Amino acid sequence: MKRIFTEKMKSRLAAILALGVAVATGLGYGTASAASPTLQTIRVQYYPGVAFQQTLQVAKDKDFFARANVDVKLINTNSGPDGLAAVISGSLDLASTNIDTFLAAAARGADVRAVAATTGPYFSVLLQSDLKRNHQGEDWIGVMKDLVGKRLGVTARGSGTETFYRALFSSAGLDPASATYVAIGSSDTALSAFQAKQVDSIMAYQPLTDRLIASGAVMGIDVTNGNGPKEITGLGATVVYFGMRKNLDSKREAIRSFVKGLNDAAGWSKKPANLDA
């Protein structure tokens, strides 16, 4: 499936995406100005130990959710597609996935609604140290040329990590189908697969990026630091919290309290004095 970040996709998200945490007030959920009087529970998709969910973890650990009077249950999942399936089945209230997963679900007719978004581009393309480089020195486009015909590690087929690879190929003027995408999971399973050389490259994110580099991986494209095409590096946010509208409507106060907790945690995290807290 060819899914890339187009100008049309970005314009559709303009109302709900921004740096840090953005609230989708136009969708009717908004943010609570005070704690909800009745404690409600919501189940939210969670990827243990990944940097792009730092605000969610802070909101949970530092009791910002508790002070907003919402009990947030963090449910471990392996990928964005798993989160989407759980939201549709009702076993999750909110998925936390890359924006392409949300947009694709809406395009297929799923009645999904976003309530918040967070984080800018957070990933890096890492390479095996012995990968043959015929276009070294040609910046990110040269890296993508060298990945034609190679095995690319993604968390799951159809996940955001695959979409980012495809978007990079397209932006470089190359066919996204010119490589083989291999599902290798995340965290420890991804690290093991890369070390066993089951893939030639991996779409990584912190802290996996640092672990891979420490084990011998080579940085190919550091999108986190602005390397890559502007249609990707210019994305204000890439992760969106969303659920099924019917379910969200039934838990409107809990969703507002959840967004309040996220915003309060984001504000707290930006203060230099709290960096080591």
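This one's a predicted model, so the numbers in the text were calculated from it and none came from an experiment.

**Comments concerning helix 5 (residues 99–107)**
Link 1 in the chain: The buried count for helix 5 comes to seven of nine residues, which makes it a mostly enclosed element.
Link 2 in the chain: Listing the buried residues of helix 5 in full gives Ile-99, Asp-100, Thr-101, Phe-102, Leu-103, Ala-104 and Ala-105.
Link 3 in the chain: Directly after helix 5, the chain includes Gly-109, whose backbone phi takes a positive value near 100 degrees.

**Points about the confidence of the model for the chain**
Link 1 in the chain: Mean pLDDT over the chain stands at 83; residues scoring 70 or higher make up 84%.
Link 2 in the chain: Note on residues 1–28: pLDDT is under 50 here. Beyond four places in sequence and across chains, it has 72 contacts.

**Examining the packing of helix 2 (residues 54–61) against helix 12 (residues 252–269)**
Link 1 in the chain: It is the contact of helix 2 with helix 12, at a shortest axis distance of 8 Å, that shows an interaxial angle of 100 degrees. As summarised for this structure, helix 2 and helix 12 are arranged roughly perpendicular, according to the angle between their axes. Of helix 12, the residues touching helix 2 (which contributes Thr-55, Leu-56, Val-58 and Ala-59) are Phe-258, Gly-261, Leu-262, Ala-265, Ala-266, Trp-268 and Ser-269.
Link 2 in the chain: In terms of residue class, the contact of helix 2 with helix 12 is made up of eight nonpolar, three polar and no charged.

**Let's talk about the packing of aromatic side chains**
Link 1 in the chain: Counted under the stated rule, the structure contains six aromatic pairs.
Link 2 in the chain: For the ring pair Phe-102 and Phe-242, a centre distance of 5.3 Å and an interplane angle of 50 degrees mean the geometry is tilted. With a gap of 140 residues between them, Phe-102 in helix 5 and Phe-242 in strand 11 (residues 239–244) connect regions that are remote in the sequence. Neither Phe-102 nor Phe-242 differs from the other in exposure class; each is buried.
Link 3 in the chain: Ring geometry for Tyr-165 against Tyr-181: centres 6.3 Å apart, planes inclined by 55 degrees, an arrangement best described as tilted.

**Points about the nonpolar core**
One recurring pattern in soluble globular proteins is that nonpolar side chains are buried together.
Link 1 in the chain: Val-125, Met-144, Leu-147, Tyr-165, Leu-168 and Ile-221 are the most contacted members of the largest nonpolar core, which totals 28 residues.
Link 2 in the chain: Per-element accounting of this core gives the leading share, five residues, to helix 7 (residues 160–171).
Link 3 in the chain: Among residues more than four places away in sequence, those in contact with Leu-168 are Val-125, Trp-140, Met-144, Met-203, Ile-221, Pro-229 and Ile-232.
Link 4 in the chain: Core analysis: the next-biggest nonpolar cluster, separate from the first, contains 23 residues, Tyr-46, Ala-59, Phe-65 and Phe-258 among them.

**Here we look at empty space enclosed by the protein**
Link 1 in the chain: Enumeration according to the criterion identifies two cavities of 30 Å³ or more in this entry.
Link 2 in the chain: Here the largest cavity is characterised by a volume of approximately 150 Å³.
Link 3 in the chain: In this structure, the largest cavity is lined by 17 residues; those nearest its centre are Tyr-47, Phe-52, Asn-98, Tyr-122 and Thr-155.
Link 4 in the chain: Of the residues assigned to the lining of the largest cavity, the class counts are six nonpolar, 11 polar and no charged.
Link 5 in the chain: In this structure, the second largest cavity occupies an estimated 30 Å³ of space.
Link 6 in the chain: Lining the second largest cavity are Gly-153, Val-154, Thr-155, Ile-184, Gly-185, Ala-190, Ile-202, Met-203, Tyr-205 and Leu-208.
Link 7 in the chain: Mapped by element, the contributors of at least two residues to the lining of the second largest cavity are strand 7 (151–154) and strand 9 (201–205).
Link 8 in the chain: Here the lining of the second largest cavity takes three residues from strand 9, the largest share from any one element.

**Re the sheet that holds strand 9**
Link 1 in the chain: Strand order in this open sheet of five strands is 8-7-9-6-10, and the pairing throughout is mixed. With partners counted over all chains shown, the strands left at the sheet margins are strand 8 (180–183) and strand 10 (218–221), one partner each. For this sheet, the mean inter-axis angle between neighbouring strands, taken without regard to orientation, is 35 degrees.
Link 2 in the chain: Here five bridges tie strand 6 (residues 123–127) to strand 9, and the two strands are oriented antiparallel to one another. Within strand 9, the residue paired with Ser-124 across the bridge is Ala-204.
Link 3 in the chain: Here helix 7 sits on the sheet and contacts strand 6, strand 7, strand 8, strand 9 and strand 10; the angle it forms with strand 9, its principal contact strand, is near 115 degrees.
Link 4 in the chain: The strands that helix 8 (residues 187–195) touches are strand 6 and strand 9; relative to strand 9, the one it contacts most, it runs at about 150 degrees.

Cut-offs applied
Residues numbered from 1 in each chain as written. Predicted model: local features only at pLDDT ≥ 70, side-chain atom pairs only at ≥ 80, totals over all residues. Heavy atoms only, no water. Buried < 20%, exposed > 50% of the residue type's maximum accessible area, 1.4 Å probe, protein only. Helix = DSSP H or I, 4+ residues; strand = E, 2+ residues; numbered from the N terminus. pLDDT = per-residue confidence, 0-100. Contact = heavy atoms within 4.5 Å. Axes fitted to C-alpha atoms, helices over the stretch in contact; angles between N-to-C directions. Parallel < 35°, antiparallel > 145°, perpendicular 65-115°, else oblique. Nonpolar A, V, L, I, M, F, W, Y, C, P; charged D, E, K, R; others polar. Phe/Tyr/Trp six-rings, centres within 6.5 Å; stacked < 30°, edge-to-face > 60°. Core = buried A, V, L, I, M, F, W, Y, C linked by side-chain atoms within 4.5 Å. 1 Å grid on protein atoms, 1.4 Å probe; cavity = no way out; pocket = protein on both sides within 12 Å on 5 of 7 lines; lining within 4 Å. Points joined across faces, edges and corners; volume = space filled by probe spheres on them. Pairing = 2+ DSSP bridges.

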